[in-house]
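Here is how the chains run, residue by residue.
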There are 2 protein chains.
Amino acid sequence: MIKIALMGHGVVGSGVAELLEDKSRELEHKAGETLSCAKILDLRDFPDTPYADRFTKDFNEIVSDSAIQIVVEAMGGLHPAYEFVKACLEKGKSVVTSNKELVAEKGSELLRLAKEKNVNFFFEASVGGGIPIIRPMHLCLAANQIDEIYGILNGTTNFILTKMIKEQMTFQDALLLAQKLGYAEKDPSADVDGVDACRKICILASLAFGRQIYPREVYTEGISKITLEDVEYAKNAGYAIKLIGQAKRLSKDKCCVLVSPAFVPIDNQLSGIDDVFNGVLIKGDAAGEVLFYGKGAGKLPTASAVVADIVHIAKSSHTSLSLTWEDSNADSVADISTYENAFYYRLRGSISPKKAEELWGPLTFLSRKGQPADEIAFLTGCMLQARAAAIEQKLGGQTEILGKIRLLA
Amino acid sequence: MIKIALMGHGVVGSGVAELLEDKSRELEHKAGETLSCAKILDLRDFPDTPYADRFTKDFNEIVSDSAIQIVVEAMGGLHPAYEFVKACLEKGKSVVTSNKELVAEKGSELLRLAKEKNVNFFFEASVGGGIPIIRPMHLCLAANQIDEIYGILNGTTNFILTKMIKEQMTFQDALLLAQKLGYAEKDPSADVDGVDACRKICILASLAFGRQIYPREVYTEGISKITLEDVEYAKNAGYAIKLIGQAKRLSKDKCCVLVSPAFVPIDNQLSGIDDVFNGVLIKGDAAGEVLFYGKGAGKLPTASAVVADIVHIAKSSHTSLSLTWEDSNADSVADISTYENAFYYRLRGSISPKKAEELWGPLTFLSRKGQPADEIAFLTGCMLQARAAAIEQKLGGQTEILGKIRLLA
């Protein structure tokens, strides 16, 4: 029998408790041992759960119990999750987490510690909820150099953008609907501003490039400035606007990582990924492009990824299968000004198409129904971000930039 | 150092040799040990390869060499692949194969043998080439009951259908082009008749339902009867015709498994999977729908899946991680006559729409440009295959069935 402790009994934690209980027979068959949830740490009381007797408010009851072999961290946030996880690994317990902030900020340290202690630190649930991504990248694509990753990593923003594209809802209305349906938090900034997507692309990039990439190193732009006008110009030109997390290998030691809305061509697989679904495209030098798609959040999908990590640890008994990546060298993420992209611009003012082409070079002009006489919209050619910024400086005060969105490169 | 032997130096085998050679440093880092290709079995001569010295024509040199821990079988076909793999497992060697026929016909036996000998029998490359599917299903979806799998499992037929749909090429012309490009064999029947897709859905179904499903138990229909008229009717009604392999859990002991062309709604993720790409959708009771997409064939993608299996075995040293499934009970696949589906029909003759509705019930009639006066096409409601067959018997001699295709259910 393998004794498991859960830390955090919120959405994910309670889902894990449920799956361990409801599927105990099947899981025993797959893991080769009984998986028993022995302790649940939460400061709140849950008198009505069938396992009310197992709750504790004292972390020491978990970390000091040498019979507990696997600890699930589903508390979220950096503190005290980090301290608790570290203490558990130090005591020789394997840890499974769904906490993307923890992995994005402390991954290399915790992975190294797990390796030292010959235990596992797994986090399949931290990216893509129930979609298998981390383990396939780590195990199944082991013979590949991963050159590029890009994906729709946040279901909330994808839901909002889908409503804007398919039902001409404004950003505000779509956000309200997402909140009503429980897809968005009351304070939606972590989703809407791209913070959540940023943590996820950091985890995938760290895994792909073998070195910790911190969220603070990554240029991150949210979706709150996207308007229905932008959506319509995009649609008329054969694109869908999606919030894309992207990581590209530039050289052996340098990569480009960013999160921003992007014009995605409709013949790209990602353009058809709608609502709360996520999709991640991984380009390997041998396997080519591989895409993983599914529900990126939700109680049971995410909990099922946590439980799969538990089963994997149970099956492999005392072999440390943990992946590793190195510390950041504080220099692996290239500066955003050096990235190349084509751009969509929407301008209002006195600028003429001819004048715009003098500034940006040859352009593809876009149109929409009811387009005002003083509005132009166009796609530029590929250029350095720094050059695009320099051109914007040359616009006179009579011209306002109403929209600027990258094209997926 | 882990010594590896390759059996078969065709497309996949030579790709494996290449990857082991070219990526030796990265693979050593990932596996924790040097992976060395010690022997290559092939009846042909390859004097110009950099590892010409390692070739042998004698299987005994592999099976009797106790230093060889992992054997890759990339010969294809059932014999002597089966005998060779069995002998290697019996000698306590782990085996990695890309041979779908072998796994579809002999999976349960070889898995049981591997388990007995505490070694691994892995076959990630047997389905979906370089796309991770087997391991994600087995490991990452371990907390799920898999209720349904359906997918585009054969790149050659998907290429042909894509050419028919997007470029109005006839089946014959598209097949010729596929042969010219090396996507189809000179004798294309294994692809075109659905045999290859059938082996793959059998492997996935065996893994999902825990019991060997044999190709001979599975109703299999190819794409050679699909015409441009069918493609046009489908497109006008919002469908793309795809060759779909499908497996559904009907009850604890019963499943439905089939391979056939199907009308796939254009808002289904599979409808956008074109050319030689594969896509597999897996429905779990916790994770919901998860889709895996990528190149389903090709030298390096397939070889990279084989090498990933090798790395996994090397990492896990002596722990047997092999999945298992049980023998067939010869009764787990339900009879095709009991499956329910809606159908597309295209009829020529004296039958009127009114008469057709008398026979099939309420219908959705389809149209195409240049539709002859004596041709009707329609979609039926959902019905038992047996009922559809019975209705067809009632058609008089004046009405000919020109096309009949399932709707994806």
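Parameters and conventions
- Residues numbered from 1 in each chain as written.
- Chains lettered and ligands numbered in written order.
- Predicted model: local features only at pLDDT ≥ 70, side-chain atom pairs only at ≥ 80, totals over all residues.
- Heavy atoms only, no water.
- Helix = DSSP H or I, 4+ residues; strand = E, 2+ residues; numbered from the N terminus.
- Rg over C-alpha atoms; globule rule 2.2 N^0.38 Å.
- Buried < 20%, exposed > 50% of the residue type's maximum accessible area, 1.4 Å probe, protein only.
- Contact = heavy atoms within 4.5 Å.
- Areas by Shrake-Rupley, 256 points an atom, 1.4 Å probe, with all protein chains shown as cover.
- Axes fitted to C-alpha atoms, helices over the stretch in contact; angles between N-to-C directions.
- Parallel < 35°, antiparallel > 145°, perpendicular 65-115°, else oblique.
- Nonpolar A, V, L, I, M, F, W, Y, C, P; charged D, E, K, R; others polar.
- Pairing = 2+ DSSP bridges.
- Disulfide = S-S within 2.5 Å.
- Buried area = accessible area lost by both parts, 1.4 Å probe.
- Salt bridge = Lys/Arg side-chain N within 4 Å of Asp/Glu carboxyl O.
- Polar contact = N/O pair within 3.5 Å; in protein donor to acceptor, adjacent residues only side chain to side chain.
- Phe/Tyr/Trp six-rings, centres within 6.5 Å; stacked < 30°, edge-to-face > 60°.
- Lys NZ or Arg CZ within 6 Å of the ring centre and 35° of its normal.
- Expected span 1.5 Å × (residues − 1).
- Least-squares fit on C-alpha atoms with pLDDT ≥ 70 in both.

**Student:** Just checking my understanding: could you explain the overall build of chain A for this structure?
**Tutor:** Secondary structure assignment for chain A yields 14 helices and 18 strands. By the compact-globule yardstick of 22 Å for 409 residues, chain A fits well, its C-alpha radius of gyration being 23 Å. Taking all 409 residues of chain A together, 59% fall into the buried category. Long-range contacts, defined as pairs at least 24 residues apart, comprise 74% of the intrachain contacts of chain A with a sequence gap of at least 6. Summed over all atoms, the accessible surface of chain A reaches about 15900 Å², with 49% contributed by carbon and sulfur.

**Student:** Sorry if this is basic, but what is going on with the packing of helix 2 (residues 24-31) of chain A against helix 12 (residues 299-315) of chain A here?
**Tutor:** All names here are of chain A. Closest axis-to-axis distance for the helix 2/helix 12 pair is 9 Å, and the angle between their directions is 40°. Relative to helix 12, the element helix 2 lies oblique. Contacts between helix 2 and helix 12 involve Leu-27, Lys-30 and Ala-31 from the first element and Val-307, Val-311, Ala-314 and Lys-315 from the second. Counted by class, the contact of helix 2 with helix 12 contains five nonpolar, no polar and two charged residues.

**Student:** Would you mind going over the pairing of strand 7 (residues 146-152) of chain B with me for this structure?
**Tutor:** For a regular strand, side-chain orientation follows a simple rule: the groups alternate between the two sheet faces. Residues and elements named next belong to chain B. The element strand 7 is largely enclosed, with a buried count of six among its seven residues. Bridge analysis of strand 7 against strand 11 (residues 277-284) gives six bridges, and the strand direction is antiparallel. Each bridged residue has a counterpart across the sheet, and for Tyr-150 the counterpart in strand 11 is Leu-281. Across four bridges, the pairing between strand 7 and strand 9 (residues 239-249) is antiparallel. When the bridges of strand 9 are listed, Ile-149 appears paired with Ala-247.

**Student:** What is the right way to read the state of the cysteines from this model?
**Tutor:** For the structure on display, the rule yields zero disulfides over all chains. In this structure Cys198(B) is a free cysteine whose sulfur lies 4.2 Å from that of Cys202(B), the closest cysteine sulfur available.

**Student:** Explanation requested: the interface of chain A and chain B in the structure shown.
**Tutor:** Where the parts come together, the accessible area they lose is often given as the size of the interface. At the interface, 45 residues of chain A touch 43 residues of chain B. Summing both sides of the interface, chain A and chain B together bury roughly 3700 Å²; the carbon and sulfur share of this comes to 60%. The largest share of the area that chain A buries against chain B comes from Cys140(A), Gln269(A) and Tyr293(A), three residues that together contribute 16% of it. At the surface where chain A touches chain B, the tally comes to two salt bridges. For Asp285(B), the salt bridge identified is with Lys23(A), shortest N-O distance 2.7 Å. Applying the counting criterion to the chain A and chain B interface returns 16 residue pairs in polar contact (both at pLDDT 80 or more). Within the residue set of the side of chain A that touches chain B, elements represented by two or more residues are helix 2, helix 6 (134-140), strand 12 (288-295) and helix 12 of chain A. For the side of chain A that touches chain B, the element with the highest residue contribution is helix 12 of chain A, accounting for eight residues. Tallied by class, residues from the side of chain A that touches chain B come to 24 nonpolar, 13 polar and eight charged. Bridge analysis of strand 12 of chain A against strand 12 (residues 288-295) of chain B gives five bridges, and the strand direction is antiparallel.

**Student:** Sorry if this is basic, but what is going on with the sheet that holds strand 2 (residues 35-41) of chain B here?
**Tutor:** Each strand in a sheet pairs with another by means of backbone hydrogen bonds, the pair being arranged parallel or else antiparallel. Residue and element names in this part refer to chain B. Strand order across the open sheet formed by six strands is 3-2-1-4-5-6, with parallel pairing between neighbours. Looking at the sheet topology across the chains shown, the edges are occupied by strand 3 (55-56) and strand 6 (121-122). Where strand 1 (residues 2-7) lies against strand 4 (residues 68-73), five bridges are found, and the strand directions are parallel. For Met-7, the partnering residue across the bridge sits in strand 4 and is Glu-73.

**Student:** Explanation requested: the packing of aromatic side chains in the structure shown.
**Tutor:** Any aromatic ring pair is given by two values, namely how distant the centres are and how the planes are angled relative to each other. Residues and elements named next belong to chain A. Following the criterion strictly, the structure yields 29 aromatic pairs over all chains and no others. Look at Phe-46 and Phe-55: their rings are 5.2 Å apart centre to centre, the planes differ by 25°, and that puts the pair in the stacked class. Pairwise contacts between aromatic rings join Phe-343, Tyr-345, Trp-360, Phe-365 and Phe-378 into one cluster. Across the ring face of Tyr-82, the terminal group of Lys-106 is positioned such that the distance to the ring centre comes to 4.5 Å.

**Student:** I would appreciate a short explanation of helix 10 (residues 195-209) of chain B in the present structure.
**Tutor:** Structurally, the α-helix is built with 3.6 residues per turn, so residues lying three or four positions apart point the same way. Here helix 10 of chain B is 15 residues long and its end C-alpha atoms lie 21 Å apart, about the 21 Å a rise of 1.5 Å per residue gives. A positive backbone phi angle near 75° is found at Gly210(B), which sits one or two residues after helix 10 of chain B.

**Student:** Please explain the side chain of Arg368(A) as it appears in this structure.
**Tutor:** For Arg368(A), the location among the structural elements is in the loop between strand 15 (364-366) and strand 16 (375-379). Residue contacts for Arg368(A): discarding those within four places in its chain leaves Glu229(A), Glu232(A), Tyr233(A), Asn236(A) and Glu375(A).

**Student:** When you look at the relation of the copies chain A and chain B in this model, what are you seeing that I'm missing?
**Tutor:** Two chain copies here: they are related by a rotation about an axis and a translation along the same axis. Superposing chain A onto chain B takes a rotation of 180° plus a shift of 0.0 Å along the axis, which leaves an RMSD of 0.0 Å. Such values leave the two copies arranged in the relation of a two-fold axis. Taking C-alpha positions as reference, the residue of chain A nearest the rotation axis is Phe292(A), located at 2.5 Å. The fraction of interface residues of chain A whose copies in chain B are also interface residues reaches 96%, indicating that both copies meet through the same surface.

**Student:** Before we go on, may I ask you to explain unusual backbone geometry in this structure?
**Tutor:** When glycine is set aside, most residues are seen to have a negative phi, and most peptide bonds are trans. Residue and element names in this part refer to chain A. Looking along the chain, the bond that leaves His-79 and enters Pro-80 is cis, with omega of 10°. As for its position among the elements, Pro-80 is in the loop between strand 4 (68-73) and helix 4 (81-90). Even without a glycine there, the phi angle at Asp-275 is positive, about 55°. Mapped onto the elements of the fold, Asp-275 is located in the loop between strand 10 (255-265) and strand 11 (277-284).

**Student:** Where do I start with the environment of Asp147(B) in this structure?
**Tutor:** Residue and element names in this part refer to chain B. Within the secondary structure, Asp-147 is located in strand 7. In sequence terms Asp-147 and Arg-249 are 102 residues apart; their C-alpha atoms lie 5.1 Å from each other. Here the side chain of Asp-147 touches Gln-145 through a polar contact of 2.7 Å, side chain to side chain.

**Student:** Please explain the pattern of salt bridges as it appears in this structure.
**Tutor:** Pairs may arise between side chains of opposite charge once their charged atoms sit close together. All names here are of chain A. Under the defined criterion, the tally for this structure stands at 66 salt bridges over all chains. Put simply, Asp-196 and Lys-200 hold a salt bridge, and the shortest N to O gap is 2.8 Å. Here the residue Asp-196 and the residue Lys-200 both occupy positions in helix 10 (residues 195-209), the gap between them amounting to four residues, near one helical turn. Residues Asp-196 and Lys-200 agree in their burial class; the two are buried. Ionic contacts of the salt-bridge type, sharing partners, join the residues Glu-229, Asp-230, Arg-346, Arg-368 and Glu-375 into one network.

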